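Per-entry structural report
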Amino acid sequence: MPNLIEARSLTKLYGVVIGVNDVTLDLPPGVRGLLGPNGAGKSTFLKLITGQLRPTEGEVRVFGEVPWNNPGLFRRIGFCPEQDAFYDFLTGLEFVTALARMGGLPAGEARRRAEETLRRVGAADYMNRKIGGYSKGMRQRTKVAQALVHDPALFILDEPLTGTDPIGRHDLIELVKRLGAEGKSILISSHVLHEVQAMTEEFLLIYGGRVLASGNVHEIRGLMNEYPHRITLRCENGRALAHVLLRDLPVSGVELDEAAGTVAVHTRDPQGFYAGLPDVALRAGARIREVLSQDDNLDAVFRYLVTRD
Amino acid sequence: MPIFELGYRHWEGALTPAWKRWATITRAGVALAFRSKVLRRLLFLAWAPLLYFGPLFFAVGYVTDPARGVRGSDWASFARAFLGTELANRFMNDPASLRPHVWSAIFSHFFMYSQGFLTFLVLTIVAPPLISQDVRSKAFLLYFSKPITRVEYLLGKAGTALFCVSLVSLLPGVVLYAVSIALSPSMAVLADTFVTLPRILTASLVVALPGTLLVLAFSSLTSDGRYATFAWIGVWMLGEMFFRILEQVPGLQGSGWLFLPSIREASNAVIGGVFEVDQVVALADRLNASGRSQIRAMLHSPYSPAAALVYLLGLAGLSLAVLYRRISAPMRV
Amino acid sequence: MATVAWLQLRQMLAGKKVWMLTIFLLLPAGLSALIAAAGEWRGGEEEELLKAIYLFMVYPQAVCLLLALLYGTSLLNAELEEKTITYLFTRPVPRWKVFLGKYAALVPWLAAPSLASLTGSWLLLGRPGGAALLGGMALAVLGSVAVYGAIFGLVGVVFRTRTLVIGVLYAVIFEFFLSFLPAVVSALSVTHYLRSVVLKVTDLEVPEEVLVIVGNASLLESAGVLGAIALAAVGLASFVCTRREYVVAEQL
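Values in this document were obtained by computation on a predicted structure and should not be read as measured data.

Another aspect to go through is the overall build of chain A. A tally of helices and strands in chain A yields 10 helices and 13 strands. Along the three orthogonal principal directions, the C-alpha set of chain A runs to about 75 × 45 × 35 Å. The 309 residues of chain A split such that 41% are buried. When contacts within chain A are restricted to residue pairs at least 6 apart in sequence, long-range pairs at least 24 apart make up 68% of them.

This is the structure in structure tokens:
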């Protein structure tokens, strides 16, 4: 399967400020999160792949084509920008229809597709009202609709959950999952890790203009041997369990909190640990109520990657 | 060891009096305005007219010094070039009684032309974004959640523009006055011309205030400073054009209201009244064989200073009303 | 491109700029009414010439120029400031077409009300010069809107900031100063050719000494030069906006 996005030594400088720093990667099709704190280079990277910026050095290709000065590529890309900017004097339907027409659709088809897309994102109730009177959530849905209306193969969302209410967030997450299931490729940029983790487990982690890691969060975590996994067990008779864990399982450290009734374990071999835990628990006579893996998640992965340098 | 409290500590000292708070807005506005290289260069250029008027005052003082026989000198020619031959010769014969009028003529020329245009330029650069930026960024919510009234806000904003304008009108005028005293033959000149300083202050106010309030009113009407700039430039350019056209229409010539489209003409009429230039113009006309002196063409305005002043005050009042209403808009339900 | 033009028209219809346009076009009509009420100027052909000069100075040389300055310089800059430029530049429409579409909307938007105001003023002034003068002035208004719109559109694309100041400087130096010099250099101004168009279309008797200042290029030459300036300005602006990066300021 050909790569969706290819970058070779991609660099973007704003004067002396580094936006993106020597990024080389191949992203296959699929749903992927682009994660990083504010100022990491996420928006710069998105602007480079959507042809709004020209690389200072290196090159980037989307669907095998260079995006700069290549308007034809936008038939296959739908971009939902971060900024809350609209033509407030237009209705939602007029706005999406106009952008659909700019995408090459004939007038009647553009209007039909606009209505259908607005319904799909849950904006049908107010699509004939002027955007100037919309709430933040309504505006966000309309913004998503304009990116989807021409049925692009690659759908790019820049901070789509910013300012949305919980229902709006839920609806958008469900929409992304549906689109992903339909075979669309989606790239979602965000700094809110747990929300993006709800949509996908494939990530591109970016920090200081550099890509720290790319792939599945569990795979990435598994490769990070210098950071032992921390697993918390809520149980009775924690002291006895801790003794047996240290003796019989690949454990590098144990923390006992008898007041809270927990035993926290550090291990570099989580698979080995999980395999042996039931037997150990039986022998220790410990009744385990809950097993929590607290850092097999994006937040922990990101924190470790950022601080390890 | 005691544990030190590092949380928020309330200010125990005296607070700035309420009547001074507007100055904070002015200070911030001036600091922001001075980031503009164009403004800094313009303020530097604003002193260029003194390179002409300074020597002119020196010439005027030099040729009236009884110790010098300088009637035929270059300085005398310089004075004649400005005042006209007849007036300049009369002045050299009777400097004491004519000095206040000659100084008035020079200062009124200074304010009507060079500093008037510079004031327009400074207001074009500084004033349009002053309120429009606050409209765009919804900064009224920040301002009026502090103990600041709308009047103080307006004072602060107007203070920014007026401060910058004073750097090209009032300050050069005062410096020119000091320079002219310094370049005069004796300190007795001070007694002859003591009214000049309050006239300089009044003329600066006339040049600065109506224009400042008008451009601030435009600024309050839009969230994009460009439109305020355009409205201000458009009023000036179109107003000036319409005024010159109206002056050419035979049926309208002599009408006392023709100055209305032109803020510049109205300001010049008031400045002429402040410096009482008509007295020196009348004298120069009497001395001139044709009855129409050179200085008449430069300084005389056919329009009533009182009428022009009423017009400018009306314009200022209307601008203030628009400003007050626009600033109050976010607080109206 | 048609959709871009439609969007631009809707943009120009919305917002407070419409009020400015209305005021700028009503003021000359009001002035014309005032002049008409003041009675005769000098009578005869001299009066016709004076009124023609008045109409030219007010419409093609002043009002149309100022309106083209306001709208032309903000063709792309307004989209950049409002941050809507992203929508236009992430569509399968080349950037030069986006600029062309906006310019194509600008010309009729400014021309139509300007022509209406001009016609009103001409009627109020007692139809000086007859239909020929109105026709000549109308052509000059169209030319003014098209050429100045292109020039100031180029200014807006090339210069991101201080576009109004640069536009005013251009207007003062070239269109108000150089154009009135009785020398070859006046041919560097657009006004020179607009005046020539009016002169050739109408049959006004212009004194020789005035003709030297006003300009006497042939109709073909004037139309050719004006068209070339507009094409060159639009072409250059299209080229620049295709090559330039437009970075929307990030929201804090």
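Every contact between the two is made by 26 residues of chain A and, on the other side, 23 residues of chain C. In terms of residue count, the dominant contributor to the side of chain A that touches chain C is helix 2 (residues 92-102) of chain A (4 residues).

Facing the 19 residues of chain B at the interface are 20 residues of chain C. Considering only residue class, the side of chain B that touches chain C consists of 13 nonpolar, 4 polar and 2 charged.

Residues and elements named next belong to chain A. Where helix 2 meets helix 3 (residues 107-120), the closest approach of the two axes is 8 Å, and the angle between their N-to-C directions is 125°. The orientation of helix 2 relative to helix 3 falls into the category oblique. The way helix 2 lies across helix 3 gives a crossing that is right-handed. Residues Gly92, Leu93, Val96, Thr97, Ala100 and Arg101 of helix 2 form the contact with helix 3, whose participating residues are Ala107, Ala110, Arg111, Arg113, Ala114, Glu115, Thr117 and Leu118. For the contact of helix 2 with helix 3, the residue count by class is 7 nonpolar, 3 polar and 4 charged.

What follows is about the arrangement of the chains. Pairwise contact counts over the 2 pairs of chains in contact peak for chains A and C. These two, chain A and chain B, are apart from each other, with no contact and a minimum C-alpha gap of 13 Å.

What follows covers helix 8 (residues 238-248) of chain A. Residue and element names in this part refer to chain A. For helix 8, every residue scored as buried is listed here: Gly238, Leu241, Ala242 and Leu245. On an axial view of helix 8, the arc spanned by its buried residues comes to 100°, and they lie on one face. For helix 8, the exposed residues lying more than 90 degrees away from the buried face are Arg239 and Arg247. On its buried face, helix 8 sits against strand 10 (229-235), strand 11 (253-257), strand 12 (262-267) and helix 9 (270-284).

All names here are of chain A. If you check the backbone angles, Ser9 has positive phi at about 50° while not being a glycine. Looking at where Ser9 falls in the secondary structure, it is placed in strand 1 (residues 5-14). Positive phi, close to 50°, is recorded for Glu159, a residue that is not glycine. Structurally, Glu159 can be placed in the loop between strand 6 (154-158) and helix 5 (166-181). C-beta crowding within 10 Å serves as the criterion here: with 22 such atoms nearby, Glu159 is assigned to the buried category.

Once that is clear, we can look at the nonpolar core. One broad rule of soluble globular proteins: the nonpolar side chains tend to lie buried together. Counting residues in each nonpolar core, the largest one holds 238 residues, and the members touching the most others are Ala161(B), Leu216(B), Cys64(C), Leu67(C), Ala68(C) and Met137(C). The leading source of residues in this core is helix 7 (residues 130-158) of chain C, at 18 residues. Every residue in contact with Ala68(C), bar those within four places of it in the chain, is listed here: Leu110(C), Val145(C), Tyr148(C), Gly149(C) and Phe152(C). Core analysis: the next-biggest nonpolar cluster, separate from the first, contains 11 residues, Ile231(A), Cys235(A), Val263(A) and Val265(A) among them.

Okay, the pairing of strand 7 (residues 185-190) of chain A next. All names here are of chain A. A large share of strand 7 lies buried, amounting to 6 of its 6 residues. Here strand 7 shows two buried faces, one formed by Ser185, Leu187 and Ser189 and the other by Ile186, Ile188 and Ser190. Direction of pairing for strand 3 (residues 31-35) relative to strand 7: parallel, over a ladder of 5 bridges. Looking at strand 7, one finds that Gly33 is bridged to Ile188.

Here we come to the sheet that holds strand 4 (residues 57-62) of chain A. Residues and elements named next belong to chain A. Ordered in space as 2-1-4, the 3 strands form an open sheet in which the pairing is antiparallel. Each edge of the open sheet carries a strand with a single partner, namely strand 2 (17-27) and strand 4. Neighbour-to-neighbour, the strand axes of this sheet turn through a mean angle of 25°, independent of strand direction.

Helix-helix packing: each pair is described by the crossing angle between the helix axes and the interaxial distance. Residue and element names in this part refer to chain C. For the pair helix 7 and helix 11 (residues 219-243), the least separation of the axes is 8 Å and the interaxial angle reads 25°. Taken as axis vectors, helix 7 and helix 11 run roughly parallel relative to one another. Where helix 7 crosses over helix 11, the handedness of that crossing is left-handed. Along its contact with helix 7, which presents Gly143, Ala146, Val147, Ala150, Ile151, Gly153, Leu154, Val157 and Val158, the element helix 11 presents Leu226, Ile229, Ala230, Ala233, Val234, Leu236, Ala237, Val240 and Cys241. Split by residue class, the contact of helix 7 with helix 11 holds 16 nonpolar, 2 polar and no charged.

This brings us to the sheet that holds strand 8 (residues 202-207) of chain A. Two pairing modes exist for strands in a sheet, parallel and antiparallel, and in both the strands are linked by backbone hydrogen bonds. Residue and element names in this part refer to chain A. Here we have 6 strands laid out as an open sheet, ordered 5-6-7-3-8-9, and mixed in their pairing. Bordering the open sheet on either side are strand 5 (77-80) and strand 9 (210-216), each of which pairs with just one other strand. With direction set aside, neighbouring strand axes in the sheet form an average angle of 15°. Lying on the sheet, helix 5 is in contact with strand 3, strand 6 and strand 7; it crosses strand 7 at an angle near 150°.

Residues and elements named next belong to chain C. Among the structural elements, Ser121 can be located in helix 6 (residues 95-124). With 26 C-beta atoms counted inside 10 Å, the residue Ser121 sits in the buried group. Expressed as a C-alpha distance, the spacing of Ser121 and Val240, which sit 119 residues apart in the sequence, is 39 Å. Sequence-distant contacts of Ser121, that is, excluding residues within four places in its chain, are made with Pro28, Ala29, Ser32 and Leu55.

Glancing now at the confidence of the model for chain C. Confidence in the prediction for chain C averages 88 pLDDT; 94% of positions are at 70 or higher. Under the prediction, the complex receives an ipTM of 0.85, its pTM being 0.83.

Below, the discussion takes up the environment of Ala329(B). Examined against the element boundaries, Ala329(B) turns out to sit in the segment after helix 17 (305-328). With 11 C-beta atoms counted inside 10 Å, the residue Ala329(B) sits in the exposed group.

Parameters and conventions
- Residues numbered from 1 in each chain as written.
- Chains lettered and ligands numbered in written order.
- Predicted model: local features only at pLDDT ≥ 70, side-chain atom pairs only at ≥ 80, totals over all residues.
- Helix = DSSP H or I, 4+ residues; strand = E, 2+ residues; numbered from the N terminus.
- Buried ≥ 20, exposed ≤ 12 C-beta atoms within 10 Å, placed from the backbone.
- Contact = placed C-beta atoms within 7 Å.
- Nonpolar A, V, L, I, M, F, W, Y, C, P; charged D, E, K, R; others polar.
- Axes fitted to C-alpha atoms, helices over the stretch in contact; angles between N-to-C directions.
- Parallel < 35°, antiparallel > 145°, perpendicular 65-115°, else oblique.
- Left-handed = near helix turned anticlockwise from the far one by under 90°.
- Arc of directions from axis to C-beta.
- Core = buried A, V, L, I, M, F, W, Y, C linked by C-beta atoms within 7 Å.
- Pairing = 2+ DSSP bridges.
- pLDDT = per-residue confidence, 0-100.

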